[in-house]
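The residues making up each chain are set out below.
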Amino acid sequence: MSEKNYLVIDASTEACSVALLYQGKTSSLYELCPQSHSLRLLPMIDELLTTADCKLQNLDGIIFGQGPGSFTGVRIGIGVTQGLAFSANLPVVGVSTLQAMAQQALNEHGETRVVSAIDARMSEVYTGYYEADSNNIMQPKTAESVLAPELVKQHYIDKVNLDLADLPYGVGTGWEAYKNDLAELKSNTGEPEILFPHAQAMLFIGQLAFEQNKGVEAEHAQPVYVRDTVSWKKLPGK
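Being a predicted model, the structure only gives us computed values, none of them experimental. (Residues numbered from 1 in each chain as written. Predicted model: local features only at pLDDT ≥ 70, side-chain atom pairs only at ≥ 80, totals over all residues. Heavy atoms only, no water.)

A.B. asks: Explain the pairing of strand S2 (residues 15–22) residue by residue, including any values.
C.D. replies: Remark: a regular strand shows side chains that alternate across the two faces of the sheet. For S2, a buried count of eight out of eight residues is recorded, marking the element as mostly surrounded by other parts of the structure. Of the two faces of S2, both are covered, the one formed by Ala-15, Ser-17, Ala-19 and Leu-21 as well as the one formed by Cys-16, Val-18, Leu-20 and Tyr-22. In this sheet, S2 lies alongside strand S1 (residues 6–10) in antiparallel orientation, the contact comprising five bridges. Each bridged residue has a counterpart across the sheet, and for Val-8 the counterpart in S2 is Ala-19. Between S1 and S2, which pair antiparallel and follow one another directly, the connecting turn spans four residues. Of the pairings in the sheet, the one linking S2 to strand S3 (residues 25–32) comprises eight bridges and is antiparallel in character. Looking at S3, one finds that Ser-17 is bridged to Tyr-30. Between S2 and S3, which pair antiparallel in sequence order, lie two residues; one of them, Gln-23, sits at a positive phi of approximately 55°. (Buried < 20%, exposed > 50% of the residue type's maximum accessible area, 1.4 Å probe, protein only. Helix = DSSP H or I, 4+ residues; strand = E, 2+ residues; numbered from the N terminus. Pairing = 2+ DSSP bridges.)

See the structure below:
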(Lines give C-alpha, C1' and ligand atoms only; values in the text may rest on other atoms or scores of the structure.)
Protein backbone atom coordinates (compact mmCIF):
# COMPACT_ATOMS: atom_id res chain seq x y z
CA MET A 1 0.00 0.00 0.00
CA SER A 2 1.23 3.49 -0.85
CA GLU A 3 1.82 6.19 1.76
CA LYS A 4 -1.58 7.87 1.92
CA ASN A 5 -3.32 9.71 4.75
CA TYR A 6 -6.78 8.66 5.92
CA LEU A 7 -9.29 9.54 8.63
CA VAL A 8 -11.70 6.86 9.87
CA ILE A 9 -15.06 7.59 11.53
CA ASP A 10 -17.50 5.14 13.12
CA ALA A 11 -20.57 5.72 15.29
CA SER A 12 -22.67 2.75 14.19
CA THR A 13 -22.96 1.01 17.58
CA GLU A 14 -22.68 1.95 21.26
CA ALA A 15 -19.00 2.61 20.58
CA CYS A 16 -17.72 5.85 19.07
CA SER A 17 -14.42 5.35 17.31
CA VAL A 18 -12.02 7.36 15.15
CA ALA A 19 -8.61 6.61 13.68
CA LEU A 20 -6.00 8.49 11.68
CA LEU A 21 -3.23 7.32 9.38
CA TYR A 22 -0.95 10.29 8.77
CA GLN A 23 2.63 10.29 7.51
CA GLY A 24 2.87 6.56 8.13
CA LYS A 25 1.74 6.76 11.76
CA THR A 26 -1.59 5.46 13.09
CA SER A 27 -3.47 6.88 16.06
CA SER A 28 -6.98 6.19 17.32
CA LEU A 29 -9.58 7.03 19.98
CA TYR A 30 -12.37 4.76 21.17
CA GLU A 31 -15.18 5.38 23.63
CA LEU A 32 -18.27 3.55 24.75
CA CYS A 33 -20.78 6.41 24.81
CA PRO A 34 -24.32 5.24 24.03
CA GLN A 35 -26.55 8.10 22.86
CA SER A 36 -23.69 10.60 23.04
CA HIS A 37 -22.17 10.14 19.58
CA SER A 38 -23.34 13.53 18.33
CA LEU A 39 -21.54 15.17 21.25
CA ARG A 40 -18.32 13.16 21.19
CA LEU A 41 -17.54 12.43 17.55
CA LEU A 42 -16.32 15.86 16.37
CA PRO A 43 -14.22 16.53 19.51
CA MET A 44 -12.56 13.12 19.10
CA ILE A 45 -11.77 13.86 15.45
CA ASP A 46 -10.41 17.29 16.35
CA GLU A 47 -8.21 15.77 19.06
CA LEU A 48 -6.70 13.24 16.64
CA LEU A 49 -6.02 15.82 13.92
CA THR A 50 -4.64 18.40 16.34
CA THR A 51 -2.33 15.92 18.08
CA ALA A 52 -0.95 14.76 14.73
CA ASP A 53 -0.72 18.35 13.40
CA CYS A 54 -2.84 17.24 10.48
CA LYS A 55 -5.43 19.29 8.56
CA LEU A 56 -8.31 17.87 6.54
CA GLN A 57 -6.57 19.14 3.41
CA ASN A 58 -3.63 16.84 4.19
CA LEU A 59 -5.85 13.77 3.88
CA ASP A 60 -6.37 11.56 0.84
CA GLY A 61 -9.77 10.26 1.92
CA ILE A 62 -12.19 9.43 4.73
CA ILE A 63 -13.32 5.93 5.72
CA PHE A 64 -16.64 5.52 7.53
CA GLY A 65 -18.63 2.80 9.26
CA GLN A 66 -21.64 2.17 7.01
CA GLY A 67 -23.54 -0.22 9.30
CA PRO A 68 -25.41 -2.33 10.01
CA GLY A 69 -26.04 -1.00 13.48
CA SER A 70 -27.96 1.76 15.20
CA PHE A 71 -30.02 3.76 12.70
CA THR A 72 -29.23 7.03 14.47
CA GLY A 73 -25.57 6.21 15.02
CA VAL A 74 -24.96 5.23 11.41
CA ARG A 75 -26.59 8.44 10.20
CA ILE A 76 -24.51 10.56 12.61
CA GLY A 77 -21.29 8.96 11.40
CA ILE A 78 -22.17 9.41 7.74
CA GLY A 79 -23.37 12.97 8.29
CA VAL A 80 -20.07 13.94 9.89
CA THR A 81 -18.15 12.10 7.16
CA GLN A 82 -20.03 13.93 4.42
CA GLY A 83 -19.60 17.32 6.07
CA LEU A 84 -15.84 16.91 6.43
CA ALA A 85 -15.42 15.34 2.99
CA PHE A 86 -17.38 18.11 1.27
CA SER A 87 -15.38 20.81 3.04
CA ALA A 88 -12.04 19.39 1.89
CA ASN A 89 -13.19 17.78 -1.39
CA LEU A 90 -12.21 14.29 -0.23
CA PRO A 91 -13.37 10.89 -1.51
CA VAL A 92 -14.93 8.43 0.94
CA VAL A 93 -15.16 4.66 1.42
CA GLY A 94 -17.69 2.80 3.57
CA VAL A 95 -16.79 -0.28 5.61
CA SER A 96 -19.18 -2.83 7.14
CA THR A 97 -19.31 -2.87 10.92
CA LEU A 98 -19.62 -6.66 10.85
CA GLN A 99 -16.59 -7.00 8.57
CA ALA A 100 -14.59 -4.60 10.75
CA MET A 101 -15.09 -6.75 13.85
CA ALA A 102 -14.05 -9.83 11.90
CA GLN A 103 -10.95 -7.94 10.75
CA GLN A 104 -10.11 -7.06 14.34
CA ALA A 105 -10.30 -10.75 15.26
CA LEU A 106 -7.78 -11.50 12.51
CA ASN A 107 -5.47 -8.60 13.38
CA GLU A 108 -5.44 -9.25 17.13
CA HIS A 109 -5.94 -13.00 17.44
CA GLY A 110 -5.04 -14.48 14.06
CA GLU A 111 -8.57 -15.80 13.56
CA THR A 112 -9.20 -16.53 9.87
CA ARG A 113 -12.85 -17.66 10.12
CA VAL A 114 -15.21 -15.38 12.00
CA VAL A 115 -18.94 -14.99 12.55
CA SER A 116 -20.02 -11.48 13.56
CA ALA A 117 -23.30 -11.08 15.43
CA ILE A 118 -24.58 -7.71 16.68
CA ASP A 119 -27.70 -7.42 18.83
CA ALA A 120 -30.19 -5.79 16.45
CA ARG A 121 -32.92 -5.46 19.12
CA MET A 122 -36.43 -6.68 18.25
CA SER A 123 -35.17 -10.21 19.16
CA GLU A 124 -32.87 -10.30 16.12
CA VAL A 125 -29.17 -10.19 15.26
CA TYR A 126 -27.22 -8.65 12.42
CA THR A 127 -24.81 -11.34 11.30
CA GLY A 128 -22.25 -12.28 8.66
CA TYR A 129 -19.55 -14.90 8.10
CA TYR A 130 -16.02 -13.91 7.02
CA GLU A 131 -12.79 -15.61 5.94
CA ALA A 132 -9.32 -14.12 5.42
CA ASP A 133 -8.10 -13.65 1.85
CA SER A 134 -4.55 -13.49 0.49
CA ASN A 135 -4.31 -9.79 1.43
CA ASN A 136 -5.23 -10.59 5.05
CA ILE A 137 -8.60 -8.91 4.61
CA MET A 138 -11.65 -10.62 6.09
CA GLN A 139 -14.05 -11.12 3.18
CA PRO A 140 -17.78 -11.92 3.44
CA LYS A 141 -18.78 -15.44 2.48
CA THR A 142 -22.47 -14.75 3.06
CA ALA A 143 -24.67 -11.72 2.61
CA GLU A 144 -25.10 -9.73 5.80
CA SER A 145 -28.44 -10.69 7.32
CA VAL A 146 -30.83 -9.84 10.12
CA LEU A 147 -32.18 -13.03 11.70
CA ALA A 148 -34.02 -14.32 14.71
CA PRO A 149 -31.37 -15.98 16.92
CA GLU A 150 -33.00 -19.40 16.66
CA LEU A 151 -32.53 -19.31 12.86
CA VAL A 152 -28.81 -18.49 12.85
CA LYS A 153 -27.57 -22.08 13.23
CA GLN A 154 -29.51 -23.41 10.26
CA HIS A 155 -28.64 -20.29 8.25
CA TYR A 156 -24.92 -21.04 8.49
CA ILE A 157 -25.36 -24.77 8.00
CA ASP A 158 -27.14 -23.96 4.74
CA LYS A 159 -24.91 -21.08 3.59
CA VAL A 160 -21.38 -22.15 4.56
CA ASN A 161 -21.82 -25.77 5.62
CA LEU A 162 -21.12 -24.88 9.26
CA ASP A 163 -19.24 -27.72 11.00
CA LEU A 164 -20.09 -27.91 14.71
CA ALA A 165 -16.84 -29.79 15.26
CA ASP A 166 -14.73 -26.97 13.74
CA LEU A 167 -16.42 -23.73 14.74
CA PRO A 168 -15.49 -20.18 13.67
CA TYR A 169 -14.54 -17.43 16.11
CA GLY A 170 -17.39 -15.21 17.34
CA VAL A 171 -17.42 -11.43 17.74
CA GLY A 172 -20.16 -8.92 18.62
CA THR A 173 -22.85 -8.26 21.20
CA GLY A 174 -25.32 -10.77 19.79
CA TRP A 175 -23.63 -13.81 21.31
CA GLU A 176 -24.25 -12.76 24.89
CA ALA A 177 -27.65 -11.19 24.23
CA TYR A 178 -28.94 -14.46 22.75
CA LYS A 179 -26.53 -16.98 24.22
CA ASN A 180 -29.14 -19.72 24.61
CA ASP A 181 -29.48 -19.88 20.82
CA LEU A 182 -25.98 -18.90 19.71
CA ALA A 183 -23.43 -20.14 22.27
CA GLU A 184 -22.76 -23.46 20.54
CA LEU A 185 -21.95 -21.76 17.20
CA LYS A 186 -18.57 -20.19 18.08
CA SER A 187 -15.20 -21.58 19.15
CA ASN A 188 -14.50 -18.98 21.87
CA THR A 189 -16.45 -19.50 25.09
CA GLY A 190 -18.32 -16.88 27.09
CA GLU A 191 -18.82 -13.26 26.07
CA PRO A 192 -16.60 -12.33 23.09
CA GLU A 193 -13.62 -10.09 23.73
CA ILE A 194 -14.54 -8.05 20.64
CA LEU A 195 -18.03 -6.59 21.10
CA PHE A 196 -18.03 -3.46 18.92
CA PRO A 197 -16.28 -2.32 15.73
CA HIS A 198 -13.11 -0.29 15.99
CA ALA A 199 -12.07 2.41 13.52
CA GLN A 200 -8.53 1.04 13.41
CA ALA A 201 -9.79 -2.23 11.90
CA MET A 202 -11.87 -0.24 9.41
CA LEU A 203 -8.69 1.59 8.41
CA PHE A 204 -7.09 -1.67 7.30
CA ILE A 205 -10.07 -2.54 5.07
CA GLY A 206 -10.76 0.97 3.79
CA GLN A 207 -7.14 1.67 2.93
CA LEU A 208 -7.09 -1.27 0.53
CA ALA A 209 -10.43 -0.18 -0.94
CA PHE A 210 -8.91 3.21 -1.75
CA GLU A 211 -5.89 1.48 -3.32
CA GLN A 212 -8.38 -0.36 -5.53
CA ASN A 213 -9.96 2.96 -6.61
CA LYS A 214 -13.24 2.30 -4.78
CA GLY A 215 -13.47 5.78 -3.29
CA VAL A 216 -16.62 7.79 -4.12
CA GLU A 217 -17.69 11.41 -3.75
CA ALA A 218 -19.15 12.39 -0.40
CA GLU A 219 -22.70 12.63 -1.74
CA HIS A 220 -22.58 8.90 -2.48
CA ALA A 221 -21.75 7.89 1.11
CA GLN A 222 -24.56 5.48 1.89
CA PRO A 223 -25.58 3.53 4.99
CA VAL A 224 -26.32 -0.19 5.00
CA TYR A 225 -29.61 -1.02 6.68
CA VAL A 226 -29.88 -4.81 6.57
CA ARG A 227 -33.32 -4.57 8.12
CA ASP A 228 -34.72 -2.42 5.27
CA THR A 229 -36.59 -5.22 3.55
CA VAL A 230 -37.99 -6.92 6.64
CA SER A 231 -38.78 -4.35 9.31
CA TRP A 232 -42.15 -3.33 7.92
CA LYS A 233 -43.36 -6.92 8.03
CA LYS A 234 -43.22 -6.71 11.81
CA LEU A 235 -45.75 -3.91 12.09
CA PRO A 236 -49.34 -4.94 12.92
CA GLY A 237 -51.59 -4.88 9.90
CA LYS A 238 -48.73 -4.56 7.41
